[in-house]
Amino acid sequence: MSKSTIIITGGAGFIGSHVVRRFVNNYPDYKIYNFDNLTYAGNLANLKDIELKSNYHFIKGDITDAAFVNKLFADINPDAVIHLAAESHVDRSITNPLEFIMTNIVGTVNLLNAARHTWIKDKKVSSGKRFYHISTDEVYGSLGNTGFFTENTSYDPRSPYSASKASSDHLVMAYHHTYHLPVVLSNCSNNYGSHHFPEKLIPLAINNIKNMKPVPVYGKGENVRDWLYVEDHARAIDVIFHKGKEGEKYNVGGNNEWKNIDLIRLLCSVMDKKLNRKEGTSASLITFVTDRPGHDLRYAIDSTKLQNELGWKPSLQFEEGLEKTVDWYLANDAWLQQVTSGEYMTYYQHQYDAR
Ligand code: NAD
Ligand code: DAU
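Before going into details, it helps to say that this report is about the structure given with it.

## Topic: the packing of aromatic side chains
As enumerated under the stated definition, the model contains 17 aromatic pairs in all. When the centroid spacing of 5.6 Å and the interplanar angle of 75° are considered together, the rings of phenylalanine 23 and phenylalanine 241 count as edge-to-face. Highlighted residues: phenylalanine 23 in helix α1 (residues 14-26) and phenylalanine 241 in helix α7 (residues 230-243), separated in sequence by 218 residues. For phenylalanine 23, a relative accessible area of 0% corresponds to the buried category. Above the plane of the ring of tyrosine 40 lies arginine 92, whose end atom (NZ or CZ) is 3.5 Å from the centre. For lysine 305, the ring lying beneath its charged end belongs to tyrosine 250, and the centroid distance is 4.7 Å.

Okay, structure coming up:
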């Protein structure tokens, strides 16, 4: 199967940058096109180490712009798409749902249409093509204290973010069933690791602890998430992209459930050690705040299918991954400063425009 020219959407974001780095470094014969609009969540500094490699190309553009997407497909004639571009933060979706509908639903349909028109002529599908849609476990809704999401769990999204992702998943599958578009889809649990935008729980808490600012914990901190190291997710994406069966979906998870309050207490203790603070200093910053509206109680992924059929499993214990993550943030203060001050947006966009 030839998949050598690949568009990766959202490659300047958190997970996307890890996927782009992995593909650029591991597959020198592939041409990787990072298609990203550089919203607040996109940061080309995430890719500084690979930006000059000859198999890497950056395209600044908006997936909601159908004409732009169609022209890009006509110009580069991709063999595959790995689609990560999205609005990804649940709290922002509660404040501004429409932006999520546009990017996550309309943007995905634009990409599906472009792939369909490029790859399917007279109802014949070109061989070796693949549209890989990256989605979330949040489409399955919220679990009680027991049970796991499997690939057969019914969708029950409960925030504007998860509803928009669920809709995009349904559209991807609908294009497969209706037009025979060669698709594959995966639904992953919460990621953590380097280059994570500090609006999300772990990087926000690291930044606040570092600066001795309050660490906001929603409600009583009883909500449970299943955390996966981002490089393990990027490796899962690599495996599913190359070996996943057409028309199938795969759950990806860390088998690593933590109540938010327990996670934050562990993080505080790691930070006390790393910053040579007296044990308990960082925990004193924990502040319980008003809960997120409609806050899902628990997510937990069963990734048996991916493990048994494609041989993937998580590689890192959470304690080790969390320590690596803290080390990265402490060693990359300039990244954090640029992101929290907003400087990264103008600096890198100007640098790109000047090329
Ligand atoms: P992110 O918010 O860090 O990055 C999103 C990227 O998409 C940014 O680079 C942004 O500039 C780009 N983008 C946004 N709108 C765009 C548009 N209209 N056109 C082109 N580019 C645009 O997101 P992330 O956390 O890296 O998540 C990536 C994907 O993985 C998303 O689809 C998300 O739903 C999914 N996912 C995330 C997690 C997680 O824990 N972060 C878990 C499971 C699945
Ligand atoms: O499950 C996968 C999803 O994980 C992805 O699809 C989303 O893109 C990603 O953002 C993430 O969603 P969450 O809402 O679970 O992540 P977040 O980091 O925003 O919150 C994690 C938990 O911590 C959640 O229960 C809310 C809580 N929280 C969050 C923040 C930002 C707090 O208690 N305080 C906070 O300040």
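Moving on, there is more to tell.
## A short note on the site of ligand 2
Taken together, 23 residues sit near ligand 2, with Thr136, Asp137, Tyr161, Arg292 and His295 positioned nearest. Within the side chain of asparagine 260, an N or O atom sits 2.9 Å from an oxygen atom of ligand 2. Coverage of ligand 2 by the protein chains reaches 94% of its 690 Å² of free accessible surface. Going through the elements one at a time, α6 (201-210) and β10 (215-218) are the ones with two or more residues in the shell around ligand 2. For the shell around ligand 2, the class distribution of residues is nine nonpolar, eight polar and six charged.

## Remarks on the pattern of salt bridges
Across all of its chains, the model carries 16 salt bridges by this definition. With its nearest N and O atoms 2.6 Å apart, the salt bridge here joins arginine 92 to glutamate 199. Of this pair, arginine 92 sits in helix α3 (residues 90-95) while glutamate 199 sits in the loop between β9 (190-192) and α6, and the two are 107 residues apart along the sequence. Note that lysine 210 and aspartate 333 form a salt bridge whose closest N and O atoms lie 2.8 Å from each other. Of this pair, lysine 210 sits in helix α6 while aspartate 333 is found in helix α11 (residues 333-341), placing the two residues 123 residues apart along the sequence. The class for aspartate 333 is partly exposed, based on a relative accessible area of 31%. Connected through shared salt-bridge partners, Lys274, Glu323 and Asp327 make up one network.

## A few points about the site of ligand 1
Near ligand 1 lie 28 residues; those nearest to it are Ile15, Asp36, Ser88, Tyr161 and Lys165. Between ligand 1 and the protein, one listed contact pairs an oxygen atom with a side-chain N or O atom of aspartate 36 at 2.5 Å. Here ligand 1, which alone exposes 840 Å², has 96% of that area covered by the protein. Broken down by secondary-structure element, the contributors of at least two residues to the shell around ligand 1 are α1, β7 (130-136), α5 (160-179) and β9. Per element, the largest residue contribution to the shell around ligand 1 is three residues, and it comes from β7.

## What to know about α1
Between its first and last C-alpha, α1 extends 19 Å over 13 residues, near the 18 Å set by a 1.5 Å rise per residue. The element α1 is extensively covered by neighbouring structure, given that 10 of its 13 residues are classed as buried. Taken as a whole, α1 has its buried residues at Phe14, Ile15, Gly16, Ser17, His18, Val19, Val20, Arg21, Phe23 and Val24. Buried residues in α1 make contact with β1 (5-9), β2 (31-36), β3 (56-60), β4 (80-83), β9 and α7.

## Digging into the environment of aspartate 91
Tracing the backbone through its elements, the reader meets aspartate 91 in helix α3. A residue is classified by how much of its surface remains accessible, and aspartate 91, at 18% relative accessible area, is buried. Spatially, the C-alpha atom of aspartate 91 lies 13 Å from that of alanine 163, the residues being 72 residues apart in sequence. Setting aside residues no more than four positions away along its own chain, aspartate 91 makes contact with Tyr218 and Arg292. Within polar-contact distance, the side chain of aspartate 91 engages the side chain of tyrosine 218 at 2.6 Å.

## Re the side chain of asparagine 251
Turning to its location among the elements, asparagine 251 is positioned in strand β12 (residues 249-252). Overall, asparagine 251 belongs to the buried group, its relative accessible area being 0%. Within the structure, asparagine 251 has its side chain in polar contact with the backbone oxygen of phenylalanine 149 (distance 3.1 Å). Contacts of asparagine 251, omitting those with residues within four sequence positions, involve Tyr140, Phe149, Thr150, Glu151, Asn187, Ile301, Asp302, Ser303 and Leu306.

Conventions used here
- Residues numbered from 1 in each chain as written.
- Chains lettered and ligands numbered in written order.
- Predicted model: local features only at pLDDT ≥ 70, side-chain atom pairs only at ≥ 80, totals over all residues.
- Heavy atoms only, no water.
- Phe/Tyr/Trp six-rings, centres within 6.5 Å; stacked < 30°, edge-to-face > 60°.
- Helix = DSSP H or I, 4+ residues; strand = E, 2+ residues; numbered from the N terminus.
- Buried < 20%, exposed > 50% of the residue type's maximum accessible area, 1.4 Å probe, protein only.
- Lys NZ or Arg CZ within 6 Å of the ring centre and 35° of its normal.
- Near = heavy atom within 4 Å.
- Polar contact = N/O pair within 3.5 Å; in protein donor to acceptor, adjacent residues only side chain to side chain.
- Areas by Shrake-Rupley, 256 points an atom, 1.4 Å probe, with all protein chains shown as cover.
- Nonpolar A, V, L, I, M, F, W, Y, C, P; charged D, E, K, R; others polar.
- Salt bridge = Lys/Arg side-chain N within 4 Å of Asp/Glu carboxyl O.
- Expected span 1.5 Å × (residues − 1).
- Contact = heavy atoms within 4.5 Å.

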